[in-house]
Amino acid sequence: MVNRELIDALRDAEAVKFGEFELSHGGTSDYYVDKYVFETDPRCLRLIAAAFADRIGDERLAGVALGAVPLVAATAVETDRPYVIVRKQAKEYGTGNRIEGEFEAGEEVAVLEDIATTGQSAIDAVEALRDAGAVVERVLVVVDREEGARENLAERDIELESLLTATELLADRDR
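Just so you know, these numbers come straight off a predicted model, no measurement behind them. (Residues numbered from 1 in each chain as written. Predicted model: local features only at pLDDT ≥ 70, side-chain atom pairs only at ≥ 80, totals over all residues. Heavy atoms only, no water.)

K.L.:
Can you explain helix α5 (residues 120-131)? Please cite residues and give values.
P.N.:
The first and last C-alpha atoms of α5 sit 16 Å apart over 12 residues, in line with the 16 Å expected at 1.5 Å per residue. Residue G133 follows α5 closely and has a positive phi angle near 105°. (Helix = DSSP H or I, 4+ residues; strand = E, 2+ residues; numbered from the N terminus. Expected span 1.5 Å × (residues − 1).)

Put into structure tokens, the structure is as follows:
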């Protein structure tokens, strides 16, 4: 089911932009979903947290730094579930942690992410969590750009669950 309220909120916040944009994986696109716009908009953040909360079971939450930190924090408050933050690499000072927060080996963890294009940042986070002993079987994203992330994650036995797909977000784009 398409989440029309979330689509409208993303559009109202002007998080969906049209033009020519370079993407993090090096490709280009004629549209861009600006995660920093929707992650700093209270209405969008509230809707995203509620939608993620509806999909969370007993798993501990994990957010990929930096982009998914507001999403995982809001979802943790919504679900009253603890969370961890997965850095792209271990920090070079202090504790030197790659994963911030606590979880038990063998614990089920659901990874939250903002946008999935190829899925590489989610894959890296899942691998770090699995290496640390977590059981990770799924990644939840706000928008799946439908550019290979689902297939790339599936190759590693990870299910991708999206609140919206690019097809849904861009349908009736002049609406």
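Read on, since the account is not over.
K.L.:
Tell me what's going on with the nonpolar core, and back it up with residues and numbers.
P.N.:
L10, F38, L129 and V139 are the most contacted members of the largest nonpolar core, which has 55 residues in total. Filtering out sequence-adjacent residues up to four positions away, V139 remains in contact with V111, E113, A122, V126, L153, I158, E159, L160 and E161. (Core = buried A, V, L, I, M, F, W, Y, C linked by side-chain atoms within 4.5 Å. Buried < 20%, exposed > 50% of the residue type's maximum accessible area, 1.4 Å probe, protein only. Contact = heavy atoms within 4.5 Å.)

K.L.:
Outline the pairing of strand β3 (residues 60-64), supporting the account with residue identities and numerical values.
P.N.:
For β3, the tally of buried residues reaches five of five residues, placing the bulk of the element in the interior. Where β3 meets strand β4 (residues 83-86), four bridges bridge the pair, whose relative direction is parallel. Among the inter-strand pairings, G63 is bridged to a residue of β4, identified as I85. For the handedness criterion, the β-α-β arrangement of β3, helix α4 (residues 69-79) and β4 is classed as right-handed. (Pairing = 2+ DSSP bridges. Right-handed = clockwise from strand over helix to strand, strands pointing away.)

K.L.:
Which residues make up the pairing of strand β2 (residues 28-33), and what values go with them?
P.N.:
Pairing between strand β1 (residues 16-22) and β2: five bridges, direction antiparallel. Bridge pairing links V16 to V33 in β2. Here β1 folds back onto β2, and the loop between the two strands holds five residues, one of which, G26, carries a positive phi near 105°.

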